[in-house]
Structures are given as structure tokens and as C-alpha cells.
Amino acid sequence: MKDQIKLKCVAVDDEPYALRLMEEEIKKIPFLEFVAACPSAEKAIPYLQSGIDLLFLDIQMPNLTGTQFLRTLENPPMVIITTAYLQFALEGFELNVVDYLVKPIVFDRFVMAVNKARELFLLRQEKSSQDDPFFFVRANYKEVKIFCSDVLYIEGLKDYVKIFLASQTRALLTRQNLKGMESILPLGIFFRIHNSFIVNVNKISSFQKAQVFIDKISIPVGEKFASKFEEHYRAKA
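What you are looking at is a predicted structure, and each value in this text was computed from that prediction instead of being measured. (Residues numbered from 1 in each chain as written. Predicted model: local features only at pLDDT ≥ 70, side-chain atom pairs only at ≥ 80, totals over all residues. Heavy atoms only, no water.)

Visitor: Looking at this model, I keep getting lost on the sheet that holds strand E15 (residues 217–220). Mind explaining?
Guide: The pairing of strands in a sheet happens through backbone hydrogen bonds and is either parallel or antiparallel. Pairing is antiparallel in the open sheet, where three strands are placed in the order E13-E14-E15. Pairing within the sheet leaves two strands with one partner each, and these edge strands are strand E13 (206–207) and E15. Of the pairings in the sheet, the one linking E13 to strand E14 (residues 211–214) comprises two bridges and is antiparallel in character. Looking at E14, one finds that serine 206 is bridged to phenylalanine 213. (Pairing = 2+ DSSP bridges. Helix = DSSP H or I, 4+ residues; strand = E, 2+ residues; numbered from the N terminus.)

See the structure below:
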């Protein structure tokens, strides 16, 4: 599990040479995945919106400093400050950054910082899995534990159901009718929207009266379920 960890990284620095060096350092670390190098904080916004794990952020930049930018983020990723100025260290740690690297950055010190980020990531992941409810189904001649956060939607096929998971491309098939499946699912997370479909409400990206979308997947909403589903979904949102 730990060996499979890959932290998606973006580096932000207005100095091209410093940005190139940071990219090279990131690519040396097996558990880091370099995503982008950005010459300004504004250029990093699309990557933050798509989801990254670790941001290497310079402070002294034109238009918007690193700390100003960090204060604008509602749910920032883990951040490692990279700067030539020691005087911003206190402000950086007040913003709950993982570490503060002073340029020129020594590689050993860089490794220490990213190891701290990795350990924090693992701790958060462990806590998340503890908080994530789960259920068991019989599949492939064994009891399979399924975390609710992994379920996209469930389709009923007479005496079988197909459970579509985010973590794998093939659906999990179990001998069970949809009503029986519905009875073992935790309340509040799942909602039956059709005679043949149950969806994980947290995975819905958009909806219309007659269908919901989980990313690009369209799932029909049955007429008898539509009003209750809309009421439930809006209340949850």
C-alpha cells in the first residue's frame, strides 16, 4: 500500500531557473508525481481544482505572493514553502504548511520535507479509511469488504446486482436482489432512484429530473422516485 503512494505535485515559482530545479528534484523521488510547473500562483489554480496532493510554493512573486494566494484557498493541498527569505517562516507555519525550505535548497533537506508530506498524507488516509463506512457482499466465493466512498452506483439485474466501483474498471457481481442490497447499505449515502438503480449521492456531478450524472455516466431516474430523490439530494447538498 505505502509503496503504491504517488503524491501529485505542482511547483509555483516566478523564477524559471528555480522552477526547473524544483521539477528536477521532484522527479528524483519515487513517491512524487510531477504534474506541472507554474510561473505564477494564478496559473496553478486549474491544477488545484482538478486535485493535487502537494504544492511547492514560492513566496515573493509579483501580483500575488505565495502566502496571499494560500490564504485564498478554502481547501488547500499540503504545501511546502520554497523561498530565499527566512523572515516569512512564521507566517508560513501559521498557514499550516508542511515545511519551509530556504533557497538554495539542499537535496537532503528537500527529501526530509517530502518525507514529512508523505507521512502526513498516510496519516490522513488512515483516518479517512477509519471514518469511511463499509459493508460486505458475497462475490467470487468470498466475503468482500466494500468502502462506501468507493461505490459509484449499483445496478439490479433480477437476482443479481452489479456494484460499480471507482477503484476498478469491472463491476463486482453478487447474487442479491436490489431490495436486499438496499437494506444493507448505510443510510444517507445511497439513494434508490429507479427500479434498477441505487446511486451514491456523494458521487453525483449533476442531475436533471429524468437522469443523474456520475462524471459522464448517465443513470435514469424513475418517475416514482424523482420527487423524493430531488428533495433528498438538495437537502444533502
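There's plenty left to go through after this.
Visitor: Is there a simple way to think about the pairing of E14 in this case?
Guide: For a regular strand, the rule is simple: side chains alternate between the two faces of the sheet. In E14, alternate side chains face the same way, and those of Val212 and Ile214 are buried while those of Gln211 and Phe213 on the opposite face are not. Between E13 and E14, which follow one another and run antiparallel, lie three residues. Here E14 folds back onto E15 in antiparallel fashion, the turn holding two residues, of which aspartate 215 has a positive phi close to 55 degrees. (Buried < 20%, exposed > 50% of the residue type's maximum accessible area, 1.4 Å probe, protein only.)

Visitor: What's the story with helix H2 (residues 41–50) in this structure? I'm lost.
Guide: Every α-helix winds through 3.6 residues per turn, so residues three or four apart in the chain are directed the same way. Three or more residues of H2 are buried, namely Ala41, Ala44 and Leu48. Taken down its axis, H2 places every buried residue within 50 degrees of arc, on the same side. Seen from the open side of H2, the exposed residues pointing more than 90 degrees away from its buried face are Lys43, Gln49 and Ser50. Looking at the buried positions of H2, the neighbouring elements they touch are strand E1 (7–12), strand E2 (32–38), strand E3 (54–58) and helix H3 (66–72). The positive-phi residue at the C-terminal boundary of H2 is glycine 51, with phi of around 105 degrees. (Arc of directions from axis to C-beta. Contact = heavy atoms within 4.5 Å.)

Visitor: Teacher, can you tell me more about the pairing of strand E6 (residues 134–139) here?
Guide: Side-chain alternation along E6 places Phe135, Val137 and Ala139 on a buried face and Phe134, Phe136 and Arg138 on a face that remains uncovered. With six bridges connecting them, E6 and strand E7 (residues 142–147) associate as antiparallel partners. Its bridge partner lying in E7, phenylalanine 136 is registered against lysine 145. Counted between consecutive antiparallel strands, the loop separating E6 from E7 contains two residues, among which asparagine 140 sits at a positive phi close to 55 degrees.

Visitor: Please explain the sheet that holds strand E9 (residues 160–165) as it appears in this structure.
Guide: As summarised here, the arrangement of the five strands in space is E10-E9-E8-E12-E11, forming an open sheet in which the pairing is antiparallel. Edge positions in the sheet fall to strand E10 (172–175) and strand E11 (190–194), since each has one partner strand and no second. Across the sheet, the axes of successive neighbouring strands diverge by a mean angle of 20 degrees, strand direction being ignored. Relative to E9, strand E8 (residues 151–157) is paired through six bridges, and the arrangement is antiparallel. Bridge pairing links glycine 156 to valine 161 in E9. (Axes fitted to C-alpha atoms, helices over the stretch in contact; angles between N-to-C directions.)

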